[in-house]
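Structural features, examined
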Amino acid sequence: MSNTRKPIIAGNWKMHKTVFEATDFVKELLTFDVTKDVELVVCPTFTSLESVSALLKDSSVNLGAQNVHFESQGAFTGEISPGMLKTIGVDYCIIGHSERRQYFQETDELVNKKVKSVLETGMYPIMCVGETLTERENGDTEKVCKTQTVEGLKGLTAEEIQKVVIAYEPVWAIGTGKSATKEDANETIGYIRSVVEQLAGAEVASVIRIQYGGSVKPENIAEYMSMEHIDGALVGGASLTVKSFLDLTKF
Ligand SMILES: O=C[C@H](O)COP(=O)(O)O
């Protein structure tokens, strides 16, 4: 990766851990010296955010939510607004994860509304893009990643785009143990960077952080981090124990 982009490792806990398990994890995590060379983010479920936020207050570890609504308030039963997250100390918000796109029918248009709303509230989006296995087999990886990137960032200024973290997650590699090769991941992420360049210019493209996600583990993190365009990882399974999460920073 480039020297100018600080690596960011985000643990997406998905629908795992009660509030007690989440706070136990963070208490244990904070007993270790976390390297300042890597930005660490934990993304618990909504029910744990406030308790985890209180524990992380004076630490260098940042807090992320896994989803958000784009409206600031209103009759949207079951939803959470960006302001509600910001108020309790949330820094990042994962948007457009493939599980949200697949199981909750999230479209690029909705992703775009959420990205804008999160930025307006003063948080940072982690915007996920990536192709399915069928799309990959049809040779559509770049087309899909381009569409999701362009539509997700639509209407944003270059200054706003620079604040977005993009996570390239090939859907076929998520939770399957089948990770993309470091060369393939780097090539697609380099392509996404070129799409950002078309949208926001070379300077923004050179500083925006783009993660790889999909079966990242302590055993393969160094491979990905050795590549020019890969600036970190969005990690599911391997972020669920303190040891494994911390080992992801050793590359
Ligand atoms: O958000 C994380 C990704 O979906 C990757 O999950 P995984 O590391 O369990 O494959």
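Higher on the page you've got the structure.
These notes cover the structure that comes with them. Since this is a predicted model, take the numbers as computed values, not measurements. (Residues numbered from 1 in each chain as written. Predicted model: local features only at pLDDT ≥ 70, side-chain atom pairs only at ≥ 80, totals over all residues. Heavy atoms only, no water.)

Here's the deal with the packing of aromatic side chains
Here a ring pair, both rings aromatic, is described through the centre-centre distance and the interplanar angle of the planes. For the coordinates displayed, the defined rule picks out five aromatic pairs. Ring geometry for Tyr92 and Tyr124: centres 5.6 Å apart, planes at 40 degrees, overall tilted. Of this pair, Tyr92 sits in strand E4 (residues 92-95) while Tyr124 sits in strand E5 (residues 124-129), placing them 32 residues apart in sequence. What makes Tyr92 buried here is its relative accessible area of 4%. Under the relative-accessibility criterion, Tyr124 is labelled partly exposed at 37%. Taking 6.4 Å as the distance between ring centres and 55 degrees as the angle between the ring planes, the aromatic pair formed by Tyr168 and Tyr212 counts as tilted. Here Tyr168, found in strand E6 (residues 165-168), pairs with Tyr212, found in strand E7 (residues 209-213); they are 44 residues apart in sequence, far enough to count as distant. On the basis of relative accessibility, which here comes to 1%, the residue Tyr168 falls in the buried class. Tyr212 gets classed as buried once you look at its relative accessible area, which sits at 1%. Taken together, the aromatic side chains of Trp13, Phe25 and Phe245 make up a single cluster linked through ring pairs. (Phe/Tyr/Trp six-rings, centres within 6.5 Å; stacked < 30°, edge-to-face > 60°. Helix = DSSP H or I, 4+ residues; strand = E, 2+ residues; numbered from the N terminus. Buried < 20%, exposed > 50% of the residue type's maximum accessible area, 1.4 Å probe, protein only.)

Notes on the pattern of salt bridges
One pass over the full model with this rule turns up 13 salt bridges. The shortest N-O distance in the salt bridge between Lys154 and Glu151 comes to 3.2 Å. For Lys154, a relative accessible area of 45% gives the class partly exposed. With a shortest N-O distance of 2.6 Å, Asp247 and Lys243 are connected by a salt bridge. Of this pair, Asp247 and Lys243 both sit in helix H12 (residues 242-247), four residues apart, which is roughly one turn of the helix. (Salt bridge = Lys/Arg side-chain N within 4 Å of Asp/Glu carboxyl O.)

Things to note about the side chain of Glu39
Mapped onto the secondary structure, Glu39 falls in strand E2 (residues 39-43). By relative accessible area, Glu39 is classed as buried at 11%. Side chain to side chain, Glu39 and Tyr92 meet in a polar contact 2.6 Å long. Residues within four places of Glu39 in sequence aside, it is in contact with Lys6, Pro7, Ile8, Ile9, Asn62, Tyr92 and Arg209. (Polar contact = N/O pair within 3.5 Å; in protein donor to acceptor, adjacent residues only side chain to side chain. Contact = heavy atoms within 4.5 Å.)

Side note on the site of the ligand
Close to the ligand lie 13 residues, the nearest being Lys14, His97, Glu169, Gly175 and Ser215. Interatomic distance of 2.9 Å between a side-chain N/O atom of Asn12 and an oxygen atom of the ligand. Interatomic distance of 2.8 Å between a backbone N/O atom of Ser215 and an oxygen atom of the ligand. Relative to its unbound accessible area of 300 Å², the ligand is 95% covered by the protein chains. Looking at the shell around the ligand residue by residue, the classes come out as four nonpolar, seven polar and two charged. (Near = heavy atom within 4 Å. Areas by Shrake-Rupley, 256 points an atom, 1.4 Å probe, with all protein chains shown as cover. Nonpolar A, V, L, I, M, F, W, Y, C, P; charged D, E, K, R; others polar.)

Here we look at the nonpolar core
Core analysis: the biggest nonpolar cluster contains 61 residues, and Ile9, Val42, Ile166 and Tyr212 have the highest contact counts within it. Considering each element in turn, this core owes the most residues, five residues, to helix H9 (residues 182-200). Residue contacts for Tyr212: discarding those within four places in its chain leaves Tyr168, Pro170, Ala173, Ser179, Ala180, Ala185, Ile189, Tyr224, Ile230, Gly232, Ala233 and Leu234. (Core = buried A, V, L, I, M, F, W, Y, C linked by side-chain atoms within 4.5 Å.)

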